[in-house]
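Descriptive structure summary
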Amino acid sequence: MASTDNAQAESTPAPSVDKKKLVAKAKPSNKPKKKELSPEEAKQDRLNKFKAAADIVHEALKILVNAAVEGASIQQLCTDGDAEIVKLTDALFNDPDEPIKKGNVNNVVSHFSPIPSDEHVPPPLAKGDVVKIQLGAHFDGYAAVQTETLIVGATAEAPAEGRQADVVKAAWHAAQIAVRQLKVDEKNWTITETVGKVAAQWDCMLSCEHTQGSIDGKKRIILNPTPEQRSGHEKATFAEGDVFGIDVLVSSGADGKVKPSEGRASVHQRVGGVNYQLKLKTSKALVDDVEKRFGNFPFNIRACEDEKRARVGILEGSRHGVFRPFEVTHSPKDTYVAAFMFTVLVTSEGPQLLSNPPVWYAPEKLKTEKELQDDDLKKLLSETVKVVPSPTLKAYKPKRKPRQRNKGNKDAETAEASESK
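Bear in mind the structure is a predicted one, so any value in this text is a computation, not a measurement. (Residues numbered from 1 in each chain as written. Predicted model: local features only at pLDDT ≥ 70, side-chain atom pairs only at ≥ 80, totals over all residues. Heavy atoms only, no water.)

1. Section: the sheet that holds strand β11 (residues 323–325)
On the basis of which strands lie adjacent, the open sheet formed by 3 strands has the order β10-β9-β11 and antiparallel pairing. Either end of the sheet is taken by a strand with one partner, and the two such strands are β10 (298–300) and β11. Neighbouring strand axes in the sheet, compared pairwise and without regard to direction, differ in orientation by 35 degrees on average. Here strand β9 (residues 267–270) pairs with β10 via 3 bridges, running antiparallel. Its bridge partner lying in β10, His 268 is registered against Phe 299. Contacts between helix α8 (residues 307–319) and the sheet are confined to β9, β10 and β11, with β11 contributing the most and set at about 100 degrees to the helix. (Pairing = 2+ DSSP bridges. Helix = DSSP H or I, 4+ residues; strand = E, 2+ residues; numbered from the N terminus. Axes fitted to C-alpha atoms, helices over the stretch in contact; angles between N-to-C directions. Contact = heavy atoms within 4.5 Å.)

2. What about the nonpolar core?
Counting 61 residues, the largest nonpolar core has Val 168 and Leu 182 as the members making the most contacts within it. When residues in this core are grouped by element, the largest group, 11 residues, is from helix α4 (residues 162–180). Not counting the four nearest positions on each side in its chain, Val 168 is found in contact with Val 130, Thr 149, Ile 151, Ala 338, Phe 340, Tyr 361 and Leu 366. Listed in part, the 12 residues of the second largest apolar core include Leu 286, Val 287, Ala 310 and Ile 314. (Core = buried A, V, L, I, M, F, W, Y, C linked by side-chain atoms within 4.5 Å. Buried < 20%, exposed > 50% of the residue type's maximum accessible area, 1.4 Å probe, protein only.)

3. Brief notes about the packing of α4 against helix α5 (residues 188–198)
It is at 9 Å that the axes of α4 and α5 come closest, and there the two elements cross at 155 degrees. Looking at the two axes, α4 sits roughly antiparallel to α5. Note on packing geometry: the crossing formed by α4 with α5 is right-handed. From α4, Ala 170, His 173, Ala 174, Ile 177 and Ala 178 reach across to α5, where they touch Ile 191, Thr 194, Val 195 and Val 198. Residues of the contact of α4 with α5, tallied by class, amount to 7 nonpolar, 2 polar and no charged. (Parallel < 35°, antiparallel > 145°, perpendicular 65-115°, else oblique. Left-handed = near helix turned anticlockwise from the far one by under 90°. Nonpolar A, V, L, I, M, F, W, Y, C, P; charged D, E, K, R; others polar.)

4. Overview of the pattern of salt bridges
One pass over the structure, following the stated rule, counts 13 salt bridges. For Lys 49, the salt bridge is made with Asp 45, and the minimal N-O distance between the two is 3.0 Å. A residue pair is termed a helical-turn pair when its members lie 3 or 4 positions apart in one helix, as Lys 49 and Asp 45 do in helix α2 (residues 39–67) at 4 residues. Its relative accessible area of 12% is what places Lys 49 among the buried residues. Given a relative accessible area of 25%, Asp 45 falls into the partly exposed group. Linked by salt bridges that have partners in common, Asp 45, Lys 49 and Asp 140 make up one network. (Salt bridge = Lys/Arg side-chain N within 4 Å of Asp/Glu carboxyl O.)

Next comes the structure, spelled out in structure tokens:
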């Protein structure tokens, strides 16, 4: 995902100019001035950008869910997800914002987005696999992310059973309950306690506020925390206009513990506020490219023009805290992990979904012995959550020149050799 708000340009010495000729040739500009928005218009513009990004994500998600069938390639699904979001955003903007796509299967928890150069090629999808697909996009820094879990081959006529079905239903209920408690003046720890009732035997992950240029805001909701996590997170109160990503992962394991997987990370993030002066020219070029195209959003190294050169820059940058790798994590063998993520707007009338309804999930596709028993939680689930209406998309076609991406540097191999010493 790219951020057009973080573009930087290298300074070059200005050539000598004859000021008299410059004045003589100067003409009034016919370019219309950018209209200043009123507070109400600015509020609506922000909301429209969040929602437009959510609509793009949903359309791409439809294609990937339908393609996630027995025999499908995980790597190809990830590549197709990137391409689909670029195509859809390009229809609205000449300068498309970058996507991020991940596909995690069974006990792989998060951040798995394989690339062609990976040594170990993941096996094709098989019937009964629990597949988690996460897509994200943004317009002008306003991001929407959505995650959906499906079980390969499960249908209403032949529903999934066993632990696969249990974990998907548990994650769905936990996410739905969390969404419904995003109300003005509600506290983040209230959601923590309530969702804990649903996921008492499963481990859930962080959920963070979305601000412009970031999906990791200051207001955080931690689900099923350890004592250390509980003491390390501040209390926060939800306010009208807040946008949150409710990101719930549930494991079928007894303790919900996860650990890093072997192999190199393919998803990374530029760490905001860290301005360490890297030495290698290749590394400096990568930082400039990432800031212009992705800002502080996560990005896949697959999106870089030259993966070999990018690896060099990532290596040096990670050593000095400029980049943060998103390590692939997994739960124990023979366990399953399900995930759902929605982007939600806090309003005075209650929570409203910026994300669209799920593509795959339907209760009849899952046959489980466990159901929600708590009457208070059942009542909470019965509350209706509105979906924010889509904006008029033709309003998002500013006249901007297509972005010219930098070509690969010829010194990549030299830089890599220097870095390895």
